[in-house]
Amino acid sequence: MVERFGAVRAAGLLVLFLAVSCKGQDITSAGEVLAECDPELLGFELVTGYVFTAPDDLLDSIPGTLMLTDCLEACHANESCHSVNYETGLCVLFASNADNYPGALTKSQFPVFTIYAQKICLGIKPCEKAWCFDRVQGYKLSGYSRKRHPATSRQECLEMCMGEREFNCRSANYNNGTGECDMSEMDRLTVAGSGGFVPAQGYDYLENNCVEEPVKLCEFKKLTGRILKTVDSVYQEIDSVDECRDLCLNSPFRCHSYDFGDTGESVCRLSHHSRATLADVQDPYLDIPEASTYELSACYNVSIDCRSGDMVARIKTSKLFNGKIYAKGSPNSCVKDVKGSLEFELHMAYDDIECNVKHQGLGRYLNDVVIQHHDTIVTSSDLGLAVTCQYDLTNKSVSNEVDLGVHGDVKPALTEEVIVDSPNVAMKITDRRGEEVLPSAQVGDPLALKFEILDKNSPYEIFVRELVAMDGVDSSEIILIDSDGCPTDHFIMGPLYKSADSGKVLLSYFDAFKFPSSEVVQFRALVTPCMPTCEPVQCDQEDASGELRSVNSFGRRRRRAASSARDDLLLVQSIQITDKFGFNKHRANMTDFKEPSTVFMSSTDQSQGFCLNLAGVIISGVVFLAVQMSIVVAWLFVYQQRKRTSSIYHHDGSSLSVPGRTDSLCKLYETGYARRF
């Protein structure tokens, strides 16, 4: 299937080459520079979504090329090659470039977009990545400038970025009119969704492909129904989607998306592009309902610094982070708030009761840490880390380790349902279809909040406003639907949609979340009936690429003239949501427990210990009680016998003595006779 698409692209591309002839300036000098360049200083600059048209300078056409890296290597090995056009399945080599013929580089009009790559001779040795920079014409990154310098050319600007030592230069804006080079430690991916990447006439945006990104803890988000038209690499005979993911994380370029099995059985396709980098390309995706693309959301590199008095968890991330990091058991006292940073850390002192660092064995300290993206609630994007410091007290050397990606099954809790009478309106937490009221939930589970008028014949419809989620412990809260009826953060909860089956049912979709200090999440909302129908409110919603789009929501500010305050109904719904970090299960796995009913307890003497079996304790207690009851019965029996004996020797109030009888009974009691029953 891939080869057939490549043949179609090749035919279309060659037709265009024959139809267009570009006569430009003399390229002898440019060719001499490249020919005399040290091979170790040669690099490539990519322009996505553009095609270079120069049929007179066409060197070679290589159909069946499934790797962009193979296409670049073919140009690198050919001294006459100055640039290439690449599409999945086709590589075309040219003896000139877009700097020689500026008008020959135009937006790709093919069913699949083209990637143009230009060979350059650098003044600084490039990295070992397949190419050095991505260039976007007519765009810039706004608001993240770190350093500005004049530059005589675009190439000098990108060389300045590559050679920057004061900070990690991820991108640069080059003004072709003034020659100003504006460098930044951010790029399109680190600020994705912020709206910082904007059109700018006369600018070239240069993105450094040589930066080192975290690749240890990576989260990919699934984009359903779409796959890229052009990708950088195609691998065949790949066994699983996990193997495809590993190929992406270990690729010779900054891979940011992949798909598996959608263009052929066992076919894995990788790309350095995602929605955040394709804002300037028209229709980069194919719409295929059953297909899916996995886009890199963020990666985290975590290191633990074990010091004499504390442990420090240091995190580097590939995307601008806003949220907080805290110790699992102390979310309010041992916490560090993070605002717009790529690096952050948390200090946990061993003698600080607030951070609750656990001491396990000789010289071993451990704690559980949570990286939380939202300021208030725990979502499925958050990470749990079990961090450990081990000290060798014999020679004072320090080692450290980090146990990452801890996950485990936690038994979920039941939900509660609250129904408000007059009118009969219910708020329920259900599955995405709004059909099943779920008995349990974990962070990240797909849920829906359902508002419903129970009387199907009611003349009313409803709208919702001021929907708030509250913590069941410390009264923390976040607003999900504001007083205007619009979602405050569509990543947490979407707008309210009217059910397709009934106008008396509203649904809002969300992924289960929780507060750090509690597993109880309480939803509270004001619901107002309206007749005969409710008009939706227009809300601006920002998508993943940072663009605003208008959506309808049936949450709305009520009109004061139409109804009085008593028309508002206060609905409350609670659910207990557990996280998926699995810290407790991980700790339990560190000890070899044979029986669930057995508890191992260590004595104060480290060299000794005892094992206490719960079932044995119960059985022993029952036997002890049975023995005590037997003693009581025996004593009563002996007591009655003594009374009968005494009555034999008593008559009319007088007492008759029988020598030896009383003494022998006393001896019998003293020898423990009763205790033997």
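Chemist: Can you break down the side chain of R135 residue by residue, with the values?
Modeler: Looking at where R135 falls in the secondary structure, it is placed in strand 8 (residues 133-141). Residue classification places R135 among the buried positions, given a relative accessible area of 5%. Among the polar contacts listed, one links the side chain of R135 to the side chain of E45, at a separation of 3.2 Å.

Chemist: Describe the pairing of strand 12 (residues 197-208), naming the residues involved and giving the relevant values.
Modeler: Summarising the sheet, strand 8 and strand 12 pair through eight bridges and their orientation is antiparallel. For Y139, the partnering residue across the bridge sits in strand 12 and is P199. As defined by bridge partners, strand 10 (residues 171-175) adjoins strand 12 across five bridges and the pair is classed as antiparallel. Paired with S171 across the two strands is E207, which belongs to strand 12.

Chemist: Lay out the nonpolar core with the relevant residues and their values.
Modeler: In terms of nonpolar packing, the biggest core is built from 38 residues, with L449, F451, L467, L480, F513 and F523 touching the most fellow members. Secondary structure elements with two or more residues in this core: strand 25 (425-430), strand 27 (446-453), strand 28 (461-471), strand 29 (477-481), strand 31 (505-511), strand 32 (520-530) and strand 35 (569-578). Beyond its immediate sequence surroundings of up to four residues, F451 is in contact with A426, M427, I462, V464, L467, L496, K504, V505, L506, A525, V527 and L571. With 37 residues, the next largest nonpolar core counts L93, F220, L228 and F253 among its residues.

Chemist: So, the sheet that holds strand 8: which residues are in play, and what are the values?
Modeler: Ordered in space as 3-5-4-7-1-8-12-10-11-9, the 10 strands form an open sheet in which the pairing is mixed. Among the strands making up the open sheet, the edge pair consists of strand 3 (58-63) and strand 9 (147-150). The sheet shows a mean angle of 25° between the axes of neighbouring strands, direction not considered. Strands strand 1 (42-48), strand 3, strand 4 (83-87), strand 5 (90-94) and strand 7 (115-121) of the sheet are contacted by helix 3 (residues 68-77), whose axis makes an angle of about 160° with strand 4.

Chemist: Describe the side chain of R154, listing the residues and the values that go with them.
Modeler: Following the sequence through the fold, R154 ends up in helix 4 (residues 154-162). For R154, a relative accessible area of 14% translates into the label buried. Only 3.0 Å separates the side chain of R154 from the side chain of E45, close enough to count as a polar contact. When residues no more than four places from it in sequence are discounted, the contact partners of R154 are E45, D99, Q118, R135, Y174, D204 and L206.

Chemist: A description of the packing of aromatic side chains should follow, citing residues and the corresponding values.
Modeler: The description of an aromatic ring pair rests on the distance of the ring centres and on the angle between the ring planes. For the coordinates displayed, the defined rule picks out 15 aromatic pairs. Centroid distance F321 to F344: 4.7 Å. Interplanar angle 20°. Geometry classified as stacked. Note that F321 is positioned in strand 18 (residues 310-327) and F344 in strand 19 (residues 330-349), a separation of 23 residues in sequence. Its relative accessible area of 2% is what places F321 among the buried residues. You can call F344 buried: its relative accessible area is 7%. Here a set of aromatic residues connected by ring pairs shows up, and it is made of F52, F94 and Y116. Of note, K140 hangs over the ring of Y203, and the distance from its end group to the ring centre comes to 4.9 Å. Its guanidinium or amino end placed over the ring of F197, R188 lies 5.7 Å from that ring's centre, counting from NZ or CZ.

What counts as what
Residues numbered from 1 in each chain as written. Predicted model: local features only at pLDDT ≥ 70, side-chain atom pairs only at ≥ 80, totals over all residues. Heavy atoms only, no water. Helix = DSSP H or I, 4+ residues; strand = E, 2+ residues; numbered from the N terminus. Buried < 20%, exposed > 50% of the residue type's maximum accessible area, 1.4 Å probe, protein only. Polar contact = N/O pair within 3.5 Å; in protein donor to acceptor, adjacent residues only side chain to side chain. Pairing = 2+ DSSP bridges. Core = buried A, V, L, I, M, F, W, Y, C linked by side-chain atoms within 4.5 Å. Contact = heavy atoms within 4.5 Å. Axes fitted to C-alpha atoms, helices over the stretch in contact; angles between N-to-C directions. Phe/Tyr/Trp six-rings, centres within 6.5 Å; stacked < 30°, edge-to-face > 60°. Lys NZ or Arg CZ within 6 Å of the ring centre and 35° of its normal.

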